[in-house]
Amino acid sequence: MNESISNDTRDIILDVTEKLIYKSGIAATSMDLLVKTAGVSRKSIYRYFADKDELVVAALQRRDVCWMHWFTHAVDQAETPTDRLLNLFTVLKGWFDSEGFRGCAFINTSGETGDPQDPVRLVAKEHKQKLLDYVSKLCTEYGAEEPQLLARQLLILIEGAITVALVMGDHSAADNAQCMARKLLGL
C-alpha cells in the first residue's frame, strides 16, 4: 500500500513537472511552483529526485515514452506504407490544432541549455533518435531505395513543421510539410 501511494505521489510530481515545463520552460518552473502546484512538500520531491535537474530529466523521459506511444499508434492507423508516411503529417496537424499546443518539449527544453552533454539535451537527442528510427522503419516498409536518407529528410520536415507551427502560429505547416513529403515520395 505504501508503495502505491509513493508511486502515486511520484507520478503526480512528474505530471506537474512535465506540464509546467511544457507550458513555461525549465527556468520558469521553480521548485516553489512545483511544490505549490503538485500539492506536495519539498521533502516529498527530494525523496524521489536528488535535485531539479534529475526531476526535469525524469519528466522528459516519461514524456518521450508517452509521446512516442501516442504518435506511433496514431500514425500506424493508416493502412498502407505510403499512407503511414503521409499520416505522419496528418497526426502532427491534429496535435498542432489541439488545445495547449506549445511545440516540441524536447526542442524547447534543449534551447534552455548550451551544453550538448547536458542531461536535458541528451534526453532530447534520444527522443529525436527514436523518432528517426520510427520514420526509418516506415520508410523501409514503404520500400524506399535509401530508407535512412528518406527518413532523415522526413525528420527535417517533421521538425520544421513543429517549429513553424509554434513560432509562426501556422498550423498549416503540417499540410505544407506533407506536400513536400509527397514530392520526396514521388507522389
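Per an unreviewed UniProt entry, the protein carries the name TetR family transcriptional regulator and comes from Pseudomonas triticicola.

Right, let's get into the UniProt feature "DNA-binding region" (unreviewed entry) in the protein. When the UniProt feature table is mapped onto this chain numbering, "DNA-binding region" (unreviewed entry) sits at residues 30-49. This span, residues 30-49, is 75% helix and 0% strand, and a straight line between its end C-alpha atoms measures 15 Å.

The geometry of helix 4 (residues 52-75) relative to helix 5 (residues 81-96) is characterised by a closest axis approach of 8 Å and an angle of 125° between their N-to-C directions. With respect to helix 5, the axis of helix 4 lies oblique. You can see that helix 4 and helix 5 cross each other, and the crossing is right-handed. Between helix 4 and helix 5, the residues in contact are Trp 67, Trp 70, Phe 71, Ala 74 and Val 75 and Arg 84, Asn 87, Leu 88, Val 91, Leu 92 and Trp 95, respectively. Within the contact of helix 4 with helix 5, the residues separate by chemical class into 9 nonpolar, 1 polar and 1 charged.

What follows is about the side chain of Lys 128. Summarising the element assignment, Lys 128 is placed in helix 7 (residues 119-142). In this structure the side chain of Lys 128 is engaged in a polar contact, spanning 2.8 Å, whose partner is the side chain of Glu 159. If near-sequence neighbours (up to four positions away) are discounted, Lys 128 is found in contact with Cys 104, Phe 106, Ile 107, Leu 155 and Glu 159.

A few words on the packing of aromatic side chains. The description of an aromatic ring pair uses the distance of the two centres, along with the angle that the planes make with each other. Within this structure, the stated rule accounts for 10 aromatic pairs. Relative to Phe 96, the ring of Trp 95 lies with its centre 6.0 Å away and its plane at 40°, an arrangement referred to as tilted. Each of the two residues, Trp 95 as well as Phe 96, counts as buried. Consider the rings of Phe 96 and Phe 101, whose centres lie 5.0 Å apart with planes at 50°: the pair is tilted. Accessibility assignment for this pair places Phe 96 and Phe 101 in one class, buried. Three or more aromatic residues joined by ring pairs make a cluster, and in this case those are Trp 67, Trp 70, Phe 71, Trp 95, Phe 96, Phe 101 and Tyr 134. The aromatic ring of Tyr 22 is capped on one face by Arg 63, whose charged end is 4.1 Å from the ring centroid.

Cut-off values and rules
- Residues numbered from 1 in each chain as written.
- Predicted model: local features only at pLDDT ≥ 70, side-chain atom pairs only at ≥ 80, totals over all residues.
- Heavy atoms only, no water.
- UniProt positions renumbered as here; feature names shortened; annotations may be inferred.
- Helix = DSSP H or I, 4+ residues; strand = E, 2+ residues; numbered from the N terminus.
- Axes fitted to C-alpha atoms, helices over the stretch in contact; angles between N-to-C directions.
- Parallel < 35°, antiparallel > 145°, perpendicular 65-115°, else oblique.
- Left-handed = near helix turned anticlockwise from the far one by under 90°.
- Contact = heavy atoms within 4.5 Å.
- Nonpolar A, V, L, I, M, F, W, Y, C, P; charged D, E, K, R; others polar.
- Polar contact = N/O pair within 3.5 Å; in protein donor to acceptor, adjacent residues only side chain to side chain.
- Phe/Tyr/Trp six-rings, centres within 6.5 Å; stacked < 30°, edge-to-face > 60°.
- Buried < 20%, exposed > 50% of the residue type's maximum accessible area, 1.4 Å probe, protein only.
- Lys NZ or Arg CZ within 6 Å of the ring centre and 35° of its normal.

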